[in-house]
Amino acid sequence: MLGLASSGALLIAVEHRVHAQAAGSRNRDWLKYLVYLGFLAILLGARAWGWLPGLVLLAIAVLAAGFELRRLWPQRPARSLGITASVGLGLGHLLLMPDVQGAQLWSAAVLFVAVTDSFSQLFGKLLGKRKLCPQLSPGKTVEGLIGGFAATLGLSQLIPFLLPNRSPFEALILAAVTASAAVLGDLCFSWIKRRFGLKDFSNWIPAHGGVLDRVDSLVLGAPAFYWTWRLLDASPIDS
């Protein structure tokens, strides 16, 4: 966490130095980053305390997401319930992840998704020029995507203690698949927001928006990590 926090803070400081911004905008960037680190710490810490705190946290997230989605389809409860169930199914994969030789795969999956999400934004603000998908998410850039993927692949080589029984090459596969799914999940929920002309699902989290705005990448990222791990168990790959 200290390494991630420091590297992210460095990118924000460099971006502020390169691109002149008003004090209010800079303060908002720092607030957003600090809140995100707090959210990440809670997400990692809940599982560290055991299965029950992790289950309670995910249940709260799914219920909050369901409320946010219900607001979008007041006349179509079945649709909002279906998407809420999909959110629960995706996040529920975190609970399926076993502890392997004392390492919590929950933590590895969350970190892969978090680094993809946060560093894509940080590199995008610093270096971004080409829009990735302006119709769905105007803020995402190709340069940011490359930076986020590179950071996640690099992280996979720095946390072997969270990926026991995995070779460096298998760790790269896990990181690449999880990062790809995280980006796809983010874009899927961006489509839902654009469909209803929303910037955020709600204003519950300062400088971030709704709960779904923070867990959307995990909805696909967590299952991608889990099933890739299972496939690697079934067919180990030599590095």
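Scope of this entry: the structure provided in the associated data block. The numbers attached to residues start from 1 for each chain and follow its sequence in the written order. pLDDT decides what is reported in this predicted model: residues at 70 or higher carry local features, side-chain atom pairs at 80 or more are listed and counted, and totals for whole chains, interfaces and linings draw on all residues regardless. Only hydrogens and water are removed before side-chain values are computed, so all heavy atoms of the structure are retained for them.

### Side note on the nonpolar core
Part 1 of the reasoning: We define a nonpolar core as any set of buried Ala, Val, Leu, Ile, Met, Phe, Trp, Tyr and Cys residues linked to one another through side-chain atoms lying within 4.5 Å. Only protein chains enter the accessibility calculation, which uses a 1.4 Å probe; a residue whose area is less than 20% of its type maximum is buried, one above 50% is exposed, and one in between is partly exposed. Counting residues in each nonpolar core, the largest one holds 57 residues, and the members touching the most others are Leu 91, Leu 94, Leu 163 and Phe 225.
Part 2 of the reasoning: Helix numbering and strand numbering both begin at the N terminus, where a helix is a DSSP run of H or I of at least 4 residues and a strand a DSSP run of E of at least 2. Top contributing element to this core by residue count: helix α5 (residues 105–127), with 13 residues.
Part 3 of the reasoning: Only heavy atoms enter the contact rule, under which two residues are in contact if any of them lie within 4.5 Å. Beyond its immediate sequence surroundings of up to four residues, Leu 91 is in contact with Leu 58, Ala 61, Val 62, Val 215, Leu 218 and Val 219.

### Section: helix α6 (residues 142–158)
Part 1 of the reasoning: Working rule for helices: expected span equals 1.5 Å times residues minus one. In this model α6 runs 25 Å from its N-terminal to its C-terminal C-alpha over 17 residues, within 8% of the 24 Å that 1.5 Å per residue would give.
Part 2 of the reasoning: The complete set of buried residues in α6 reads Glu 143, Gly 144, Gly 147, Gly 148, Thr 152, Leu 155 and Ser 156.
Part 3 of the reasoning: On its buried face, α6 is in contact with α5, β4 (137–141) and α7 (168–195).

### Overview of the packing of aromatic side chains
Part 1 of the reasoning: Two aromatic rings, drawn from Phe, Tyr or Trp (for Trp, its six-membered ring), form a pair once their centres lie within 6.5 Å of each other, and the interplanar angle then sorts them: stacked below 30 degrees, edge-to-face above 60, tilted otherwise. Scanning the entire structure with this criterion turns up five aromatic pairs.
Part 2 of the reasoning: With a centroid separation of 5.9 Å and an interplanar angle of 55 degrees, the aromatic rings of Phe 112 and Phe 225 are classed as tilted. Taken together, the residues span a long stretch of sequence, with Phe 112 in helix α5 and Phe 225 in helix α8 (residues 211–234) at a distance of 113 residues. One exposure class covers both Phe 112 and Phe 225, and it is buried.

### Section: the environment of Arg 26
Part 1 of the reasoning: Structurally, Arg 26 is set in helix α2 (residues 23–48).
Part 2 of the reasoning: Between the C-alpha atom of Arg 26 and that of Ile 12, which follows or precedes it by 14 residues, the distance is 8.8 Å.
Part 3 of the reasoning: In contact with Arg 26, not counting residues within four places along its chain, are His 16 and Gln 21.

### Notes on a nonpolar patch on the surface
Part 1 of the reasoning: On the surface, a cluster of nonpolar side chains totalling about 380 Å² of accessible area is made up of Leu 52, Leu 55, Val 56 and Ile 60.
Part 2 of the reasoning: Within the fold, Leu 52 resides in helix α3 (residues 51–72). Grouping into patches uses exposed residues only, defined as over 30% relative accessible area, and leaves out salt-bridged ones; the cut-off is 9 Å for like charges and 5 Å for nonpolar side chains (Val, Leu, Ile, Met, Phe, Trp, Tyr). Only the protein chains shown count as cover for residues, and the accessible areas themselves come from Shrake-Rupley with a 1.4 Å probe. A carboxyl oxygen of Asp or Glu within 4 Å of a side-chain nitrogen of Lys or Arg is what we treat as a salt bridge.

### Here's the deal with the packing of α5 against α7
Part 1 of the reasoning: To obtain an axis, a line is fitted to C-alpha atoms, over the contacting stretch when the element is a helix, and the angle between two such axes runs from 0 to 180 degrees between their N-to-C directions. The geometry of α5 relative to α7 is characterised by a closest axis approach of 9 Å and an angle of 60 degrees between their N-to-C directions. When the axis of α5 is compared with that of α7, the two are oblique. Here α5 runs over α7; the crossing is right-handed. Each of Ala 109, Phe 112, Val 113, Thr 116 and Asp 117 in α5 lies in contact with α7, whose residues at this interface are Leu 174, Ala 175, Thr 178, Ala 179, Ala 182, Val 183 and Asp 186.
Part 2 of the reasoning: Taken together, the residues that form the contact of α5 with α7 break down as eight nonpolar, two polar and two charged. Oblique is the label for any angle not covered by the other classes, which are roughly parallel (under 35 degrees), roughly antiparallel (over 145) and roughly perpendicular (65 to 115). We call a crossing left-handed when the near helix sits turned anticlockwise from the far one by less than a right angle, and right-handed when that turn is clockwise. Under this grouping Gly is polar, as are all residues other than the nonpolar Ala, Val, Leu, Ile, Met, Phe, Trp, Tyr, Cys and Pro and the charged Asp, Glu, Lys and Arg.

### Here's the deal with the pattern of salt bridges
Part 1 of the reasoning: A full pass over the atoms with the stated rule returns eight salt bridges.
Part 2 of the reasoning: For Arg 130, the salt bridge goes to Glu 143, with nearest N and O atoms at 3.0 Å. Of this pair, Arg 130 sits in the loop between α5 and β3 (131–133) while Glu 143 sits in helix α6, and the two are 13 residues apart along the sequence.
Part 3 of the reasoning: Glu 143 sits in the buried class, given a relative accessible area of 16%.
Part 4 of the reasoning: Among the ionic contacts, a cluster of salt bridges with common partners joins Arg 166, Glu 170 and Asp 233.

### Re the side chain of Ser 80
Part 1 of the reasoning: Residue placement: Ser 80 occurs in helix α4 (residues 77–96).
Part 2 of the reasoning: If we ignore the near neighbours within four places in the chain, the residues touching Ser 80 are Leu 69, Arg 70 and Trp 73.

### With respect to the environment of Arg 130
Part 1 of the reasoning: With a relative accessible area of 53%, Arg 130 lands in the exposed category.
Part 2 of the reasoning: The contacts of Arg 130, once residues within four sequence positions are left out, are Lys 140, Thr 141, Val 142 and Glu 143.

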